[in-house]
Amino acid sequence: MSEQTGADAARNVSADREISADGAGDDYEHHGGFPVYEPVKAGPNYGTFVETFRRLQDLMVSTHAPDDVIDRAIEQTEALVELLAPYEVPEGRSPAGFNVELPGRGSALLLPWKIEKFGEDGVRERGMFRRYHLGGNGAAHGGTLPLLFDDLFGMVIHANGRPIARTGYLHVNYRKITPIETELVVDGWVDRVEGRKAYCKAELRDLDGNLLADSEALMIQLLPGQQ
Ligand SMILES: CCCCCCCCCC(=O)SCCNC(=O)CCNC(=O)[C@H](O)C(C)(C)COP(=O)(O)OP(=O)(O)OC[C@H]1O[C@@H](n2cnc3c(N)ncnc32)[C@H](O)[C@@H]1OP(=O)(O)O
């Protein structure tokens, strides 16, 4: 039997929990006032598209190009904006963020990490902080870790079979410098549940097992109609 990858598991859970427009067959009830999102499948080159933009972001923070090169970069970027602008769609209609097999689920906002495990007992992701996540002296910017943890906790809730929740608080302990451009692993899980409140925990480690940061968050299940 072939082993199910984390991305397969995430995709299957999402498919299982799809809700029809009239709510019939809804086994993912009480998701507050969130609209029902239909996953938008990325085309075959979408991952390359997002990765190319991430590379561009790396270069934007790591180059010191002459003015004429900057002028050409502006021209070419403006041409790209013109190319893409006609295809702007409302929230929930872009492949960005919906494609669990892609780093960061294909969202340029999210950390480009890949899901390795997706189950009731927790979610594991693997990846790197990029050059554009640099804070100082080789360390990831402190603000990028909560982004990693917050998104992870959203998936932890989903993988645990709980309805959509929002983050009430998110606490980060920065234990060691988190290096950029170094493969790292993050694990998150639901620690305990009290009614609407799910207390989640996560740990970010390097490949030697050193704890770089840990996090605790309160994820609060939305009430009917809550955004
Ligand atoms: C496929 C699509 C997937 C989409 C996933 C979306 C995941 C998004 C994850 C996020 O990042 S959300 C963005 C960051 N978070 C927010 O913007 C949340 C803003 N806050 C709110 O919207 C409301 O505060 C919230 C809906 C979370 C709760 O408001 P309520 O009025 O429903 O709850 P209430 O204030 O009564 O609190 C409920 C319980 O939680 C407790 N609580 C709330 N905030 C707390 C806090 N900060 N610290 C400790 N306890 C807190 C509160 O005391 C209470 O405890 P008890 O039930 O025991 O009395």
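Since we're looking at a predicted model, the values are computed, not measured.

### A closer look at the overall build of the chain
Scanning the chain from N- to C-terminus turns up four helices and eight strands. Its C-alpha atoms give the chain a radius of gyration of 19 Å, near enough to 17 Å, the size a compact globule of 227 residues would have. Here the chain holds 227 residues, and 36% of them are scored as buried. Long-range contacts, defined as pairs at least 24 residues apart, comprise 66% of the intrachain contacts of the chain with a sequence gap of at least 6. Side chains of the chain give 23 positive and 36 negative charges; the mean places of these two sets differ by 5 Å.

### Examining the site of the ligand
For the ligand, the set of nearby residues contains 15 residues, the closest of which are Asp 150, Thr 167, Arg 196, Lys 197 and Gln 226. With respect to the ligand, the side chain of Asp 150 contributes an N or O atom lying 2.5 Å from an oxygen atom. For the ligand, an oxygen atom lies 2.5 Å from a polar atom in the side chain of Gln 226. Relative to its free-state accessible area of 1,200 Å², the ligand is covered by the protein chains to the extent of 47%. Within the residue set of the shell around the ligand, elements represented by two or more residues are strand E5 (165-174) and strand E8 (211-221). Class assignment of the residues belonging to the shell around the ligand gives a composition of eight nonpolar, three polar and four charged.

### Thoughts on a nonpolar patch on the surface
There is a patch of nonpolar side chains on the surface, built from Phe 49, Leu 80, Leu 83 and Leu 84 and spanning about 320 Å² of accessible area. Among the secondary structure elements, Leu 80 is positioned in helix H3 (residues 67-84). Look at Leu 80 and you get partly exposed, because its relative accessible area is 32%.

### Details of the UniProt feature "domain: Thioesterase" (unreviewed entry) in the chain
The UniProt entry lists residues 137-212 under the feature "domain: Thioesterase" (unreviewed entry), expressed in the numbering used here. When the span residues 137-212 is considered, its composition is 21% helix and 46% strand, and the gap between its end C-alpha atoms is 16 Å.

### Structural notes on the environment of Pro 112
By the secondary structure assignment, Pro 112 is in the loop between H3 and strand E1 (114-119). Distance in space between the C-alpha atoms of Pro 112 and Met 128 is 7.3 Å, their sequence separation being 16 residues. Once you skip the residues sitting within four places of it in the chain, Pro 112 turns out to touch Arg 54, Pro 103, Gly 104, Met 128, Arg 130, Tyr 132 and His 133.

### Observations concerning the pairing of E1
Taken together, the five bridges between E1 and strand E2 (residues 122-127) define a ladder with antiparallel strand orientation. Bridged to Lys 114 within E2 is Arg 126. Turn length for the E1-E2 hairpin, with the two strands adjacent in sequence and antiparallel, is two residues.

### Let's talk about a negative patch on the surface
On the surface, a cluster of negative charge is made up of Asp 67, Asp 68, Asp 71, Glu 75, Glu 78 and Glu 82. Here Asp 71 lies in helix H3. Asp 71 sits in the partly exposed class, given a relative accessible area of 45%.

### Description of the layout of surface pockets
One way to see where empty space is left: roll a probe the size of a water molecule over the atoms. Of the volumes computed, that of the second largest pocket is approximately 450 Å³. Lining the second largest pocket are 14 residues, and of these Leu 56, Met 60, Ala 73, Ile 74 and Thr 77 sit closest to its centre. Going through the elements one at a time, helix H2 (46-60) and H3 are the ones with two or more residues in the lining of the second largest pocket. Ranked by the residues each element gives to the lining of the second largest pocket, the list is headed by H3, at seven residues. The residue inventory of the lining of the second largest pocket, partitioned by class, reads 10 nonpolar, four polar and no charged.

The rules behind each value
- Residues numbered from 1 in each chain as written.
- Predicted model: local features only at pLDDT ≥ 70, side-chain atom pairs only at ≥ 80, totals over all residues.
- Heavy atoms only, no water.
- Helix = DSSP H or I, 4+ residues; strand = E, 2+ residues; numbered from the N terminus.
- Rg over C-alpha atoms; globule rule 2.2 N^0.38 Å.
- Buried < 20%, exposed > 50% of the residue type's maximum accessible area, 1.4 Å probe, protein only.
- Contact = heavy atoms within 4.5 Å.
- Lys, Arg positive; Asp, Glu negative; His and termini not counted.
- Charge placed at Lys NZ, Arg CZ, Asp CG, Glu CD.
- Near = heavy atom within 4 Å.
- Polar contact = N/O pair within 3.5 Å; in protein donor to acceptor, adjacent residues only side chain to side chain.
- Areas by Shrake-Rupley, 256 points an atom, 1.4 Å probe, with all protein chains shown as cover.
- Nonpolar A, V, L, I, M, F, W, Y, C, P; charged D, E, K, R; others polar.
- Patch = residues over 30% accessible without salt bridge, like charges linked within 9 Å, V, L, I, M, F, W, Y side chains within 5 Å.
- Salt bridge = Lys/Arg side-chain N within 4 Å of Asp/Glu carboxyl O.
- UniProt positions renumbered as here; feature names shortened; annotations may be inferred.
- Pairing = 2+ DSSP bridges.
- 1 Å grid on protein atoms, 1.4 Å probe; cavity = no way out; pocket = protein on both sides within 12 Å on 5 of 7 lines; lining within 4 Å.
- Points joined across faces, edges and corners; volume = space filled by probe spheres on them.

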